[in-house]
Each structure stands twice: as C-alpha cells, then as structure tokens.
Amino acid sequence: MAFVCASGDDPQHQRSETREGTGLLKQSLLAAALMGMVATPAVAQWLPCIITPGCSITFVSPEYAARPVQPLNPEAALAAVNVFRTKNGRGTVVLDARLTKAAAMQSETQAKRNRIGHDGPGGSLPKDRAAGAGYRAKIASENAAAGQKSFTDAMRSWEGSTGHRENLLRPEVTAIGVAMAKTASGRPYWTLVLGAERK
C-alpha cells in the first residue's frame, strides 16, 4: 500500500479530500478495524491514515511493491514541482536548505514510527519544524507520502489528490524542501515542505 497525506498552515487548507466514495470507504475500514475484524499488525501502519483528513490509501500490485526504492534527487524533485506549477500557471520555486532540513525531520520521524502524518516531535507542525530549521515561515505546507518507490511516484499521487494539489499550487509559495527516509525494512517516507518566508 502507498499513502499520501497533506497539511496546510491555515484552517482553509486543512480539509479532507472529497473524492466520491472516499468517505464511505474510510468509514467502512474504520468500523471494521474498530470491531476487530482486521486487527493485524499491518493495520497499525495504515489505520491513522483512515482517520486523518487529507490522507488517502492506494493499493499497489505485488510487482510494484517488490521494486527497489529510488534514491531522492533533490534537483530532479525541484524540477518536477516547477514543471507542475508552470503547467498550472504558477511561478517557479527554489530549493531551500532550511525547508529541506524541516522535511528531513518529518521523514525521519515518520520512518522511526512507521506511520505517516504531519505531527512531529513534541507535537510539532510543519510551520514549527520550518521555524526550528531557521525558516521564518509565513506559509509552511507539507505533503507526505509513504510507500511510493520514487519521488516521481509520490509527486504523481500528490498531483491527483485535492489537498496535495492545492499545496503544490499555492501561488504565494516561493521555496520547497524535500526529503526521504526509510524504515529499517526499507519502506520510504517522502516529505515535501512548501513555504513562503516572512519579510
């Protein structure tokens, strides 16, 4: 399975994806999990995604699951984000070392706990982590993904998801940071932080 999760820094951006059937599927899976019908160790990994707004699950083929994880190339990730933004009438962004540090903190946190999410150490949120890395964020949105075998696959997931797409296309964003960390078993956690700094 592959997961994606989006978080913005304002209440308007913190809404659930509204694809047809998603709510019913999440409710059904949650009910089944709560009734103990699917009480397996694997559920602990994806159950938080079911109840997190802006999170979605994609089931993948065994062939895809067996593929090796591609290393992250930050410059290629930046190029992919900029191609998507310009194709959709938005300005380009730059790679920022501080936002990359914030993204790395979150990827490492997710990999250590083997769970996708936007809550970080001490309950930190994307804007908190950006500040901790020295970035004075006016905006700090975060897209997270788990299980995708490359940044390209994570980006494709985000492009097709309402909340993630909104984060990618926020007109005020001027910089990004990107990171990937793996669990001990090799499961990748991708984090993209999109920001605009206070002047």
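Read on for an overview of the structure. Keep in mind that what you see is a predicted model, and the values were worked out from it rather than measured. (Residues numbered from 1 in each chain as written. Predicted model: local features only at pLDDT ≥ 70, side-chain atom pairs only at ≥ 80, totals over all residues. Heavy atoms only, no water.)

Right, let's get into the overall build of the protein chain. In terms of regular secondary structure, the protein chain is built from eight helices and six strands. Looking at the protein chain residue by residue over its 199 residues, the buried ones come to 46%. Residue pairs at least 24 apart in sequence account for 74% of intrachain contacts in the protein chain once pairs closer than 6 positions are excluded. By element, 58% of the accessible surface of the protein chain is carried by carbon and sulfur atoms, the whole surface being about 9,600 Å². (Helix = DSSP H or I, 4+ residues; strand = E, 2+ residues; numbered from the N terminus. Buried < 20%, exposed > 50% of the residue type's maximum accessible area, 1.4 Å probe, protein only. Contact = heavy atoms within 4.5 Å. Areas by Shrake-Rupley, 256 points an atom, 1.4 Å probe, with all protein chains shown as cover.)

Our focus in this paragraph is the nonpolar core. Note that soluble globular proteins tend to have their nonpolar side chains buried in a common cluster. Residues Phe151, Trp158 and Leu192 are the most contacted members of the largest nonpolar core, which totals 21 residues. Among all residues touching Leu192, those that are not within four sequence positions of it are Val81, Ser141, Glu142, Asn143, Trp158, Leu168, Ile176, Gly177 and Val178. (Core = buried A, V, L, I, M, F, W, Y, C linked by side-chain atoms within 4.5 Å.)

Right, let's talk about the packing of aromatic side chains for a bit. Scanning the entire structure with this criterion turns up two aromatic pairs. Between Phe151 and Trp158, the aromatic rings sit 5.8 Å apart at their centres with planes inclined by 75 degrees, giving edge-to-face as the arrangement. Look at Phe151 and you get buried, because its relative accessible area is 9%. Through a chain of ring-to-ring contacts, the aromatic side chains of Phe151, Trp158 and Trp190 assemble into a single cluster. (Phe/Tyr/Trp six-rings, centres within 6.5 Å; stacked < 30°, edge-to-face > 60°.)

The buried count for strand β5 (residues 175-182) comes to six of eight residues, which makes it a mostly enclosed element. Where β5 folds back on strand β6 (residues 188-197), the antiparallel hairpin that results is connected by five residues, among which Gly186 adopts a positive phi of roughly 100 degrees. (Pairing = 2+ DSSP bridges.)

Below, the discussion takes up the packing of helix α4 (residues 74-87) against helix α7 (residues 151-159). Each pair of packed helices gets described by two things: the angle between the helix axes and the distance between those axes. Contact pair α4 / α7: the axes reach a minimum separation of 10 Å and the direction vectors enclose 25 degrees. With respect to each other, α4 and α7 are oriented roughly parallel. Regarding α4 and α7, the two cross each other, and that crossing is right-handed. Between α4 and α7, the contacting residues are Ala77, Ala80, Val81 and Phe84 on the first element and Phe151, Met155 and Glu159 on the second. Its residues assigned to classes, the contact of α4 with α7 shows six nonpolar, no polar and one charged. (Axes fitted to C-alpha atoms, helices over the stretch in contact; angles between N-to-C directions. Parallel < 35°, antiparallel > 145°, perpendicular 65-115°, else oblique. Left-handed = near helix turned anticlockwise from the far one by under 90°. Nonpolar A, V, L, I, M, F, W, Y, C, P; charged D, E, K, R; others polar.)

Within strand β4 (residues 137-146), nine of the 10 residues are buried, leaving the element largely enclosed by the surrounding structure. Here β4 runs beside β6; their pairing, made up of nine bridges, is antiparallel. Paired with Ala137 across the bridge in β6 is Glu197.

Within the secondary structure, Gln110 sits in helix α5 (residues 97-113). Each C-alpha atom of the pair Gln110 and Pro188 lies 9.2 Å from the other, and the pair is 78 residues apart in sequence. Ignoring any residue separated from it by four or fewer positions in sequence, one finds Gln110 in contact with Arg115, Ile116, Gly117, Ala144, Tyr189, Trp190 and Thr191. Polar side-chain contacts of Gln110 include one of 3.1 Å to the backbone nitrogen of Gly117. (Polar contact = N/O pair within 3.5 Å; in protein donor to acceptor, adjacent residues only side chain to side chain.)

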